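The residues making up each chain are set out below.
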Amino acid sequence: ICKEINKLADILAEFIQDTAADFLSDGGINVDIGVTTTPVILANYIESYHKGLTSYLNTTSVINNSVFHPNQLTENRMLYFWFSDEVFKPLIAAAHQDGRFQLNISSEEVKALFKTSLSGTQPEYIEKCLLESASPELRVWSSSVPTLTTSTMGTSVWAQATGELYCGSQNKPTLFFQTNVTIDVTASYADKKLFLHGKPQEIFVVRAELPPQNQRIYDEAQIEFIREAVEKIGIPKVLSVLQVEITRLMDKQGANLFDIINPEVLHQEGYVVTHMDFGFPHHLLVDFLKRTLQ
């Protein structure tokens, strides 16, 4: 009986691994989650260790060691995932290199965003752009690889964001700005949707200029307006888009087919633990049973 239980556990572990590998791959970005040792059946659970190596453009990340210890987990939920910062960092770098951290906002949406109440006075060139241009466009992208550090307060993300505001002309922006942003991000999942919650810690305007006049902006009031706009308009917008796109990607890979029950994302020093109860979708259960009976 024990031999058959071990055989079934190996089949289940292999099946979950193959399903998870598909879930963590998209386009040219792949994550190798092959087991590093044979899964172990303990008194109350099955424990397995996985590589978590990101592959992109024929390059595979390297993780020298892991700070995981089983006592970092409890035993009152059905499923636990433990991720270190060393797993997320190369994955974020690959997404940056693949051009996934870009956002173009155009026309009426741009105008609606700038209706957000800000304490500073809107510069004349922005006001003129929004009033007179039929199709203003705001383009924002990460201009360097974002970095993250996880602690009990959440995941602190540093990013350098560059933005350009176009006012009818697609050749030269009316406004160019570059900012360094540090923000604490926490995540939750409910009703089959991911939610990102951000708390800005520091926003610094590295550079701002008016390209048509070839003029650098030094005026403190204008710099403060840009900084506040990034905080109150830019960050909430980027987080809202990210949570929608990540949810879409998760659904594409089949996460919405599972009944994920009361999931929690716990931030600790250098790692994140996600734990949940779940219900197996019927079609995956059938696939698993077919493989088991082969």
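Residues numbered from 1 in each chain as written. Predicted model: local features only at pLDDT ≥ 70, side-chain atom pairs only at ≥ 80, totals over all residues. Heavy atoms only, no water.

If you check an unreviewed UniProt entry, the protein appears there as Cholesteryl ester transfer protein from Goodea atripinnis. In its Sequence similarities (unreviewed entry) section, the UniProt record describing the protein reads: "Belongs to the BPI/LBP/Plunc superfamily. BPI/LBP family." Looking at the Subcellular location (unreviewed entry) heading of the UniProt record, one finds this comment for the protein: "Secreted". (UniProt positions renumbered as here; feature names shortened; annotations may be inferred.)

A.B. asks: Would you mind going over the state of the cysteines in detail, with residue names and values included?
C.D. replies: The tally for this structure, following the rule as stated, stands at 1 disulfide. With a sulfur-sulfur separation of 1.9 Å, Cys129 is cross-linked through a disulfide to Cys167. On the S-S bond that ties Cys129 to Cys167, the torsion sits near -105°, and the link is left-handed. Pair noted here: Cys129 is in helix H4 (residues 124-132) and Cys167 is in strand S10 (residues 154-167), with a separation of 38 residues, a long-range link. You can call Cys129 buried: its relative accessible area is 4%. (Disulfide = S-S within 2.5 Å. Helix = DSSP H or I, 4+ residues; strand = E, 2+ residues; numbered from the N terminus. Buried < 20%, exposed > 50% of the residue type's maximum accessible area, 1.4 Å probe, protein only.)

A.B. asks: Can you break down the pairing of strand S4 (residues 53-56) residue by residue, with the values?
C.D. replies: By the bridge criterion, 3 bridges tie strand S1 (residues 30-32) to S4 in an arrangement that is antiparallel. Looking at S4, one finds that Asp32 is bridged to Leu53. Bridging between S4 and strand S5 (residues 59-60) involves 2 bridges; their strand directions are antiparallel. Counterpart to Tyr56 in the pairing with S5 is Thr59. Once S4 ends, the chain turns through 2 residues before running back antiparallel as S5, passing Leu57 with a positive phi of about 50°. (Pairing = 2+ DSSP bridges.)

A.B. asks: A description of the sheet that holds S5 should follow, citing residues and the corresponding values.
C.D. replies: In a beta sheet, neighbouring strands are held together by backbone hydrogen bonds and run either parallel or antiparallel to one another. Here we have 3 strands laid out as an open sheet, ordered S1-S4-S5, and antiparallel in their pairing. Unpaired on one side and paired on the other, S1 and S5 mark the two borders of the sheet. Of the strands in this sheet, S1 and S4 are in contact with helix H2 (residues 85-97), which crosses S4 at around 15°. (Contact = heavy atoms within 4.5 Å. Axes fitted to C-alpha atoms, helices over the stretch in contact; angles between N-to-C directions.)

A.B. asks: Explain the side chain of His275 to me, using residue names and the numbers behind them.
C.D. replies: As for its position among the elements, His275 is in strand S15 (residues 271-279). Apart from residues no more than four positions distant in its own chain, His275 is found in contact with Arg77, Leu79, Tyr80, Asn262, Pro263, Glu264 and Leu266.

A.B. asks: Please provide a residue-by-residue account of the packing of aromatic side chains, values included.
C.D. replies: A full pass over the atoms with the stated rule returns 5 aromatic pairs. Geometrically, the ring pair formed by Phe68 and Trp82 is edge-to-face, given 5.2 Å between the ring centres and 70° between the ring planes. Taken together, the positions of Phe68 in the loop between S5 and strand S6 (79-84) and Trp82 in strand S6 put the pair 14 residues apart, joining distant regions of the chain. Each member of the pair Phe68 and Trp82 is classed as buried. Joined through ring pairs, the aromatic side chains of Tyr49, Phe68, Trp82 and Tyr271 make up one cluster. A cation sits over an aromatic face here: Arg139 above Tyr166, 3.9 Å from the ring centre. (Phe/Tyr/Trp six-rings, centres within 6.5 Å; stacked < 30°, edge-to-face > 60°. Lys NZ or Arg CZ within 6 Å of the ring centre and 35° of its normal.)

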